[in-house]
Amino acid sequence: MTFKMKITIKTPPNFNFHRTVLSHGWCALLPFELDKEKWKLVRVLDRGQTKPITIEITATRTGLTINTSRTVGKRAAESIVRDVRHMFRLDDDLTQFYAAMAADSDFAWITDQGAGRLLRSPTVFEDLVKMICTTNCSWALTEKMVTALVNELGEESDDGRKSFPTAETMAKQTAAFYRDKVRAGYRAPYFSELAQRVASGELDVEGWLKLDLPHDSFMKEMKRVKGVGNYAAENLLKLVGRYDGLALDSWTRAQFAQLRNHGRAASDKKILRFYARFNSWRGLALWCDMTRHWLNPENIAKW
DNA sequence: GCGTCCAGGTCTACC
DNA sequence: GGTAGACCTGGACGC
């Protein structure tokens, strides 16, 4: 497609575009699309009352370049910059994290490479819905559910790509829709209930970004959403900037066994003990540790 | 092609 | 508070 307008953003000195884009699976879920040959991340952004806009993000030595699918005014451009800063965690202060990692020879590569910024969606609502789509199923099914949500309910951008549906749009659909069209199975009623709670204002998930609660209370709050258990809540906590939970699932347990326990299964307590020295950063330390090899050339080809 | 089994995380009922 | 079984899909496997 032809891009109409270019916006640039300066990034922090330790920012690593590749590590952030491939920090976890979100770059492979619509409305993100990754061109791994050219290292371009495409994203459709919801613009509220107006048509969604498609942006293409690439990295330069000192910043990000954003090409947009149409020319926009100053306010819209500022809003796009806000969304990109949010998605790439450009305003997260990781100073203490990097200091802790640099002090441990096994983890110093994280500081050296500027890993640890976990890509997120422009809204907590989108991250929450996607997180529920990752529970209790294969990654292929997660992709299928998210693709159906975007294709069935998203709004078209200038280039025909679609945005992620808003809570208001999702609230209008029945559980049968999520079961039959999205193939969400038993999660179907969870989606309609969640969307209705958010759309009505009863549940303010965007407020989680500024919510200052102890870990256990925060977990309790997130688990009030049906379909969110320990794994989903601890992963969501990472996306709002809290890293004290390990978010263990079958994949991370298997990875730990392979990379840190001579191929033998380890108890959750043992995994917790291993990363306990990183205190409130332990969840992020674990995730970086388990995904270090993702940027090896032979692994990039698999994305 | 069909039937069966299994993995995956959360919910609910029960102890 | 802890636990067993149900939930649902898709892939692997055997026939």
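Fair warning: this is a prediction, and the values are worked out from it, not measured in the lab.

Reading the values: rules and limits
Residues numbered from 1 in each chain as written. Chains lettered and ligands numbered in written order. Predicted model: local features only at pLDDT ≥ 70, side-chain atom pairs only at ≥ 80, totals over all residues. Heavy atoms only, no water. Helix = DSSP H or I, 4+ residues; strand = E, 2+ residues; numbered from the N terminus. Rg over C-alpha atoms; globule rule 2.2 N^0.38 Å. Buried < 20%, exposed > 50% of the residue type's maximum accessible area, 1.4 Å probe, protein only. Lys, Arg positive; Asp, Glu negative; His and termini not counted. Charge placed at Lys NZ, Arg CZ, Asp CG, Glu CD. Pairing = 2+ DSSP bridges. Patch = residues over 30% accessible without salt bridge, like charges linked within 9 Å, V, L, I, M, F, W, Y side chains within 5 Å. Areas by Shrake-Rupley, 256 points an atom, 1.4 Å probe, with all protein chains shown as cover. Salt bridge = Lys/Arg side-chain N within 4 Å of Asp/Glu carboxyl O.

Draft legend 1. Here's a closer look at the overall build of chain A. Scanning chain A from terminus to terminus reveals 15 helices and five strands. Radius of gyration (C-alpha) of chain A: 19 Å, near the 19 Å computed for a compact globule of 303 residues. When its C-alpha atoms are laid out on the principal axes, chain A stretches across 50 × 45 × 40 Å. Within the span of chain A, comprising 303 residues, buried residues form 51% of the whole. In chain A, which carries 46 positive and 36 negative side-chain charges, the distance between the mean positions of the two groups comes to 2 Å.

Draft legend 2. Spatial organisation of the pairing of strand E3 (residues 40–47). Of all the eight residues making up E3, six are buried; the element is thus mostly covered by neighbouring parts of the structure. For strand E2 (residues 32–35) and E3, the ladder comprises four bridges, and the chain directions are antiparallel. What sits directly across from Glu33, in E3, is Val42. The turn linking E2 back onto E3 is made up of four residues, and Trp39 within it adopts a positive phi angle of 50°. Note: E3 against strand E4 (residues 50–59), six bridges, orientation antiparallel. In the strand pairing of E4, Val44 is matched with Thr54. Where E3 folds back onto E4 in an antiparallel hairpin, the turn is made up of two residues, including Gly48, whose phi is positive at roughly 70°.

Draft legend 3. Structural context of a positive patch on the surface. Together, Arg264, Lys269, Lys270 and Arg273 line one region of the surface with positive charge. Its place among the elements puts Arg264 in the loop between helix H12 (250–260) and helix H13 (268–275).

The values reported here are purely geometric and, on their own, carry no functional implication.
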